[in-house]
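# Fold and contact review
Listed here are the chains, written in short residue letters.
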Amino acid sequence: MPNIRKISGLVLIAVAVVILIFSYNAYITGYHKTISTSNFTFLFSGIFWDLIGIIVSAVLIAIGLILAYPEGARWVAKRN
């Protein structure tokens, strides 16, 4: 039976994937609003939220990988 660290790591990875999906959705929405209105504020806002989502997701995936698969995290860290 998996322990609580492995479950919490997998939950963090799943949350990171959901955040990535929502941040990409924010970018696409801003892009479509920019195309329809020629107002670049929407595009820059979409890019900003996409970058924030990528950064937060990367941190959550790293923490989730360390919690769920510590051997795999050590293997990735030892690679060049």
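The structure we're discussing is the one just above.
Described below are features of the structure shown in this document. (Residues numbered from 1 in each chain as written. Predicted model: local features only at pLDDT ≥ 70, side-chain atom pairs only at ≥ 80, totals over all residues. Heavy atoms only, no water.)

## Side note on the packing of helix H1 (residues 4-37) against helix H2 (residues 40-68)
Contact pair H1 / H2: the axes reach a minimum separation of 8 Å and the direction vectors enclose 170°. Between H1 and H2, the crossing angle belongs to the class labelled roughly antiparallel. Here the residues of the contact of H1 with H2 sort into 25 nonpolar, ten polar and four charged. (Axes fitted to C-alpha atoms, helices over the stretch in contact; angles between N-to-C directions. Helix = DSSP H or I, 4+ residues; strand = E, 2+ residues; numbered from the N terminus. Parallel < 35°, antiparallel > 145°, perpendicular 65-115°, else oblique. Nonpolar A, V, L, I, M, F, W, Y, C, P; charged D, E, K, R; others polar.)

## Here we look at the packing of aromatic side chains
Taken as a whole and assessed by the stated rule, the structure comprises three aromatic pairs. Here the aromatic rings of Phe 40 and Phe 44 are separated by 6.4 Å at their centres, their planes lie at 35°, and the arrangement is tilted. Taken together, the residues span about one helical turn, with Phe 40 and Phe 44 both in helix H2 at a distance of four residues. On the numbers, 5.0 Å between centres and 70° between planes, the contact of Phe 48 with Trp 49 is edge-to-face. (Phe/Tyr/Trp six-rings, centres within 6.5 Å; stacked < 30°, edge-to-face > 60°.)

## Re the environment of Thr 34
Residue position: Thr 34 is located in helix H1. Classification of Thr 34 by relative accessible area gives buried; the value is 7%. Considered as a pair, Thr 34 and Ala 16 are 18 residues apart in the sequence and their alpha carbons are 27 Å apart. Beyond its immediate stretch of four places on either side in the chain, Thr 34 contacts Asn 39, Phe 40, Phe 42 and Leu 43. (Buried < 20%, exposed > 50% of the residue type's maximum accessible area, 1.4 Å probe, protein only. Contact = heavy atoms within 4.5 Å.)

## Here's the deal with the side chain of Ser 23
By the secondary structure assignment, Ser 23 is in helix H1. Within the structure, Ser 23 has its side chain in polar contact with the backbone oxygen of Leu 20 (distance 3.0 Å). Not counting residues up to four positions away in its chain, the partners in contact with Ser 23 are Trp 49, Asp 50, Gly 53 and Ile 54. (Polar contact = N/O pair within 3.5 Å; in protein donor to acceptor, adjacent residues only side chain to side chain.)

## Digging into the environment of Ser 8
Tracing the backbone shows Ser 8 in helix H1. You can call Ser 8 partly exposed: its relative accessible area is 29%. Put simply, Ser 8 and Leu 60 are 52 residues apart on the chain and 11 Å apart in space, counted from C-alpha to C-alpha.

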